[in-house]
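# Structural overview
For reference, the chains in residue letters:
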Amino acid sequence: MLLERLGSKVDVDLAIRNTRDKVLVLRFGRSDDVGCMEQDRVLEKAKELLRRMAEIYTVDVEDVPVYTAYFDITLIPATIFFYNGRHMKVDYGTPDHTKWIGAFVDKQDCIDLVETILRGAKKDKFIVDSPIDRSRVPHYTLIYKDI
């Protein structure tokens, strides 16, 4: 099952605005990037199991530079979650709670994370703790320039 691609800022805006009572999963990256291909493979496997809980799309970072800058997407793949138009944050034990960086190890990690986000969002939480074991979370270092 292939993932649908959002090709413009308008498409992303509509997906954020119109996805109701489900988690919106947006994978930002490039279709020819190996890490993005791996993340897409995992998301495709999880999509059918998450059909009642989530809508999943891919977004090419070159197609939506305004969102690439807004979400500070410097590492790809970067997966961002929304619920009823609200950006959901997750404490992964990394410096950045706004997005998942890298590919999930397997579809169960993706499913567990979406379920946790959905449960938290329904309780009006805007940040949830990641259910994924810290050893399975990609680690990276944020580098700040000109501070």
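Counting restarts for each chain: residues are numbered from 1 in the order of the written sequence. At least 70 in pLDDT is required for a residue's local features to be given in this predicted model, at least 80 for side-chain atom pairs to be given and counted, and no such filter applies to totals for whole chains, interfaces and linings, which use all residues. In computing side-chain properties, one takes all heavy atoms of the structure into account and sets aside hydrogens as well as water.

### Section: the environment of I56
Which entries qualify depends on this criterion: A run of H or I in DSSP counts as a helix once it spans at least four residues, and a run of E counts as a strand once it spans at least two, with each numbered from the N terminus. Here's how the labels work: a residue is buried when its accessible area is under 20% of the maximum for its type, exposed when over 50%, partly exposed in between, all with a 1.4 Å probe on protein chains only.
Secondary-structure assignment places I56 in strand β3 (residues 54-60). Judged by its relative accessible area of 2%, I56 falls in the buried class. Residues I56 and L24 lie 32 residues apart in sequence; the distance between their C-alpha atoms is 6.1 Å.

### What to know about the pairing of strand β5 (residues 86-91)
Regular strands place their side chains on alternate faces of the sheet. Selection criterion: Two strands qualify as a pair provided DSSP detects at least 2 bridges between them.
Here 3 bridges tie strand β4 (residues 78-83) to β5, and the two strands are oriented antiparallel to one another. Following the sheet pairing, F82 is matched in β5 by H87. Counted between consecutive antiparallel strands, the loop separating β4 from β5 contains 2 residues, among which N84 sits at a positive phi close to 50°. Pairing analysis gives 3 bridges linking β5 to strand β7 (residues 127-129), with the strands arranged parallel. When the bridges of β7 are listed, K89 appears paired with I127.

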